[in-house]
Amino acid sequence: GAGVSQSPSNKVTEKGKDVELRCDPISGHTALYWYRQSLGQGLEFLIYFQGNSAPDKSGLPSDRFSAERTGGSVSTLTIQRTQQEDSAVYLCASRHRLGGELFFGEGSRLTVL
Amino acid sequence: AQRVTQPEKLLSVFKGAPVELKCNYSYSGSPELFWYVQYSRQRLQLLLRHISRESIKGFTADLNKGETSFHLKKPFAQEEDSAMYYCALKHDKVIFGPGTSLSVIP
């Protein structure tokens, strides 16, 4: 139905805690991306899922970051032992298998105290 | 490796003046290039892509393979053009430049 949905929209956590961010892509879109948006860093690629292929994890900044995509639909980005530098807006986007534009969610704003 | 650069973090122009947002890329193959825009309190959205060679909201962008550039241009800026603009390149995955914040002064 609607566009890409992300939750939570805002998350405040303490340093050292784990967080999970969820992305519900547009139905039928086989490609799913996670990006991190922070001041001065622009839009940083994190991970890319395409259908049943192995995900491209080349953008994950450390082994504290991981992502899953279950059943080719919903994706969860997990950040373990959060650090203050993880504070950012995490954006999810999906794209149809035939290519074309990326459709973005509204993002999850993470603040690590 | 794929890379996209946007040299200007901030760009201010007066209403009615021409505007050009620069984008350069490094990629050894034939890329697909895009401009995305994020207006205040809105989602990031596609503005235009080079393969369609279209003009959207008065903006155009020409791919120059010799200079590896894909600059975004508009002859007469409007206040509603104030936004964050990202250049993006797609081969196997889509990567973005650091973005340029455009401010159109009334």
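Residues numbered from 1 in each chain as written. Chains lettered and ligands numbered in written order. Predicted model: local features only at pLDDT ≥ 70, side-chain atom pairs only at ≥ 80, totals over all residues. Heavy atoms only, no water.

What follows covers the state of the cysteines. What the rule picks out here adds up to 2 disulfides over all chains. Through a disulfide, Cys23(A) is tied to Cys92(A); the S-S separation comes to 1.9 Å. Every disulfide takes its handedness from the sign of the S-S torsion; for Cys23(A) and Cys92(A) that torsion is -65°, giving left-handed. Separated by 69 residues along the polypeptide, Cys23(A) in strand 3 (residues 19-24) and Cys92(A) in strand 8 (residues 88-95) bring together distant segments of the chain. Classification of Cys23(A) by relative accessible area gives buried; the value is 0%. The disulfide partner of Cys23(B) is Cys87(B), and the S-S distance across this bridge is 2.0 Å. In this structure, the disulfide formed by Cys23(B) and Cys87(B) twists by about -65° around the S-S bond and is classed as left-handed. Here Cys23(B), found in the loop between strand 3 (19-21) and strand 4 (24-26), pairs with Cys87(B), found in strand 9 (residues 83-90); they are 64 residues apart in sequence, far enough to count as distant. (Disulfide = S-S within 2.5 Å. Helix = DSSP H or I, 4+ residues; strand = E, 2+ residues; numbered from the N terminus. Buried < 20%, exposed > 50% of the residue type's maximum accessible area, 1.4 Å probe, protein only.)

For the rest of this paragraph, the subject is the confidence of the model for chain A. Averaged over all residues, the pLDDT of chain A equals 93, while 98% of them reach at least 70. Mean pLDDT in chain A bottoms out at strand 5 (residues 42-50) of chain A, which sits at 93, and peaks at strand 7 (residues 75-79) of chain A, which reaches 98. (pLDDT = per-residue confidence, 0-100.)

Turning next to the interface of chain B and chain A. At the junction of the two partners, chain B supplies 17 residues and chain A supplies 19 residues. When chain B packs against chain A, the two sides together hide about 1500 Å² of surface, and 53% of this comes from carbon and sulfur. One can count 3 salt bridges joining chain B with chain A. Ionic pairing is found between Lys93(B) and Asp56(A), a salt bridge with its closest N-O pair at 3.2 Å. Counting every contact that joins chain B to chain A gives 9 residue pairs in polar contact (both at pLDDT 80 or more). Those elements that provide at least two residues to the side of chain B that touches chain A are strand 5 (32-38), strand 6 (45-49), strand 9 and strand 10 (94-96) of chain B. A breakdown of the residues in the side of chain B that touches chain A according to their chemical character gives 9 nonpolar, 2 polar and 6 charged. (Contact = heavy atoms within 4.5 Å. Buried area = accessible area lost by both parts, 1.4 Å probe. Salt bridge = Lys/Arg side-chain N within 4 Å of Asp/Glu carboxyl O. Polar contact = N/O pair within 3.5 Å; in protein donor to acceptor, adjacent residues only side chain to side chain. Nonpolar A, V, L, I, M, F, W, Y, C, P; charged D, E, K, R; others polar.)

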